[in-house]
Amino acid sequence: MCKLAVSCGARVDGGTLMAPLLQAAAPKYHFQYTTTSKNVELLRHLNAGGVAILHVGTAYPLFSTSGHFITAVAASGQTITVLDSYWYNGKYTASSIRRNYAHVVEKGVVKTSLTQCGKATIDRSPSYYLISREIVTDQTTTPSDPKEAEEDNMKYYKNLEDIPSYYREAVKKLVEQGAIKGTGDSLNLSEDLCRAFTILDNAGLIPD
């Protein structure tokens, strides 16, 4: 894989570019991938038996303080199992964030929540690379409605006070500007929408 990363131009000063690496690896190893920054799509993909590469940023140093890629391999409810290739003794006891929100199963294997995965990738876009095997679609089979699954897994916030602090500032700006009005006394915003607003705010696209 290291040789492939170099040959396809994915290896650059300071790290690895995931998109060209996956583009080169997909036909060689017979998989397909899509990208997303939505927590609900990550969860649905893992529940369907896929795996995902999480592009960890620096804004919330749960997995790294300098940027990193980790692999999510399973989901149980809202709990995500990840494999961390950058392992060293004491990594997950080095800060209160890691001690409180990462549970070490064994060397290189960590469990955390879906929300924590979202926070750890909040400053990276796309946040998630969803990887699955190449499949031949059976046209006689009616697939389940992905929107229905999305509704089942989506978390909603009714009021500004209900929104976690790491999303609240971006939403508050939009509310004050009249861009978000909600219905009646309820904002009824999904976590993924709040997360998208935060990404836009971090990029400087929401004026103060």
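This text goes with the structure placed above it.
All figures in this text were calculated on a predicted structure; none of them were measured in a lab.

A.B. asks: Would you take a moment to explain unusual backbone geometry for this structure?
C.D. replies: Backbone geometry follows two general trends: most residues other than glycine have a negative phi, and most peptide bonds adopt the trans configuration. Note the cis peptide between Ser 125 and Pro 126, where omega equals 0°. Relative to the assigned elements, Pro 126 resides in the loop between α5 (114-120) and β9 (128-133). The phi dihedral of His 30 falls on the positive side, at around 60°, and the residue is not glycine. The phi angle at Asn 188 is positive, at roughly 55°, despite the residue not being glycine. Position of Asn 188 relative to the elements: it lies in the loop between α7 (165-176) and β11 (189-190). Since its relative accessible area comes to 44%, Asn 188 is described here as partly exposed.

A.B. asks: Teacher, can you tell me more about the nonpolar core here?
C.D. replies: Nonpolar side chains in soluble globular proteins generally cluster together in the buried interior. Among the nonpolar cores identified, the biggest contains 21 residues, and Leu 42, Leu 54, Phe 63, Ala 72, Ile 80 and Val 82 are the most heavily contacted of them. Breaking this core down by element, the ones donating at least two residues are α3 (39-47), β4 (51-56), β5 (68-76), β6 (79-83), α5 and β9. Every residue in contact with Ile 80, bar those within four places of it in the chain, is listed here: Leu 43, Leu 46, Ala 72, Ala 74, Ala 75, Val 110, Lys 111, Thr 112, Ser 113, Leu 114 and Cys 117.

A.B. asks: How should α7 be read in this particular structure?
C.D. replies: The terminal C-alpha atoms of α7, which comprises 12 residues, lie 16 Å apart, in line with the 16 Å expected from a rise of 1.5 Å per residue. Elements that come into contact with the buried residues of α7 comprise α3, β10 (156-157), β11 and α8 (191-202). Directly beyond the C-terminal end of α7, a positive phi value near 80° is found at Gly 178.

A.B. asks: I would appreciate a short explanation of the packing of aromatic side chains in the present structure.
C.D. replies: Scanning the model with the defined rule gives 4 aromatic pairs in all. When the centroid spacing of 6.5 Å and the interplanar angle of 75° are considered together, the rings of Phe 63 and Tyr 92 count as edge-to-face. Taken as a pair, Phe 63 in the loop between β4 and β5 and Tyr 92 in the loop between β6 and α4 (96-101) lie far apart in primary sequence, 29 residues in all. Here Phe 63 matches Tyr 92 in class, with each residue buried.

A.B. asks: I tried to follow α3 on my own but got confused; where do I start?
C.D. replies: Along an α-helix, residues three or four positions apart point the same way, because every turn accommodates 3.6 residues. All of the buried residues along α3 are Asn 39, Val 40, Leu 42, Leu 43, His 45 and Leu 46. Of the residues one or two after α3, Gly 49 is the one with positive phi, at around 100°.

A.B. asks: I keep staring at the pattern of salt bridges and nothing clicks. Help me out?
C.D. replies: Pairing between side chains of opposite charge can happen when the charged atoms of each approach one another. On inspection of all chains with the given rule, the structure shows 3 salt bridges. We note a salt bridge from Asp 123 to Arg 124, for which the minimum N-O separation is 3.4 Å. Here Lys 173 and Asp 201 are joined by a salt bridge, their closest N and O atoms 2.9 Å apart. Here Lys 173 is found in helix α7, whereas its partner Asp 201 is found in helix α8, with 28 residues between them in sequence. Given the relative accessible area of 14%, Lys 173 is considered buried.

A.B. asks: Explain the side chain of Ser 64 to me, please; I cannot follow it from the model alone.
C.D. replies: Structurally, Ser 64 can be placed in the loop between β4 and β5. Here the side chain of Ser 64 touches Ser 66 through a polar contact of 3.0 Å, landing on its backbone nitrogen. Only 3.2 Å separates the side chain of Ser 64 from the backbone nitrogen of Gly 67, close enough to count as a polar contact. Discounting residues that sit within four places of it in the chain, Ser 64 has contacts with Val 56, Gly 57 and Arg 98.

A.B. asks: What is the right way to read the pairing of strand β8 (residues 109-113) from this model?
C.D. replies: Both faces of the sheet carry side chains from a regular strand, because those side chains alternate between them. Here β6 runs beside β8; their pairing, made up of 5 bridges, is antiparallel. Paired with Val 82 across the two strands is Val 110, which belongs to β8. Inspection of the sheet shows strand β7 (residues 103-106) paired to β8 by 3 bridges, in the antiparallel sense. Opposite His 103, over in β8, you have Lys 111 as the bridge partner.

Quick notes on the rules
- Per chain, residue numbering runs from 1 following the sequence as it is written.
- Since the coordinates come from a predicted model, pLDDT governs what is reported: local features require at least 70, and pairs of side-chain atoms require 80 or more to be given and counted, while whole-chain, interface and lining totals use all residues.
- Only hydrogens and water are removed before side-chain values are computed, so all heavy atoms of the structure are retained for them.
- Only runs of H or I of at least four residues qualify as helices and only runs of E of at least two qualify as strands under DSSP, and these elements are numbered from the N terminus.
- Here's how the labels work: a residue is buried when its accessible area is under 20% of the maximum for its type, exposed when over 50%, partly exposed in between, all with a 1.4 Å probe on protein chains only.
- Throughout this description, the term nonpolar core refers to a set of buried Ala, Val, Leu, Ile, Met, Phe, Trp, Tyr and Cys residues connected via side-chain atoms within 4.5 Å.
- Any pair of residues with heavy atoms lying within 4.5 Å of one another is described as a contacting pair.
- The span expected for a helix works out to 1.5 Å for each residue beyond the first.
- Each Phe, Tyr or Trp ring (for Trp, its six-membered ring) is paired with any other whose centre lies within 6.5 Å, and the angle between the two planes then decides the class: stacked below 30 degrees, edge-to-face above 60, tilted in between.
- Any Lys or Arg side-chain nitrogen found within 4 Å of a carboxyl oxygen on Asp or Glu counts as a salt bridge.
- N or O atoms closer than or at 3.5 Å make up a polar contact, with two conditions inside protein: a donor-capable atom paired with an acceptor-capable one, and, for residues adjacent in sequence, both atoms drawn from side chains.
- Any two strands are treated as partners once DSSP identifies two or more bridges connecting them.

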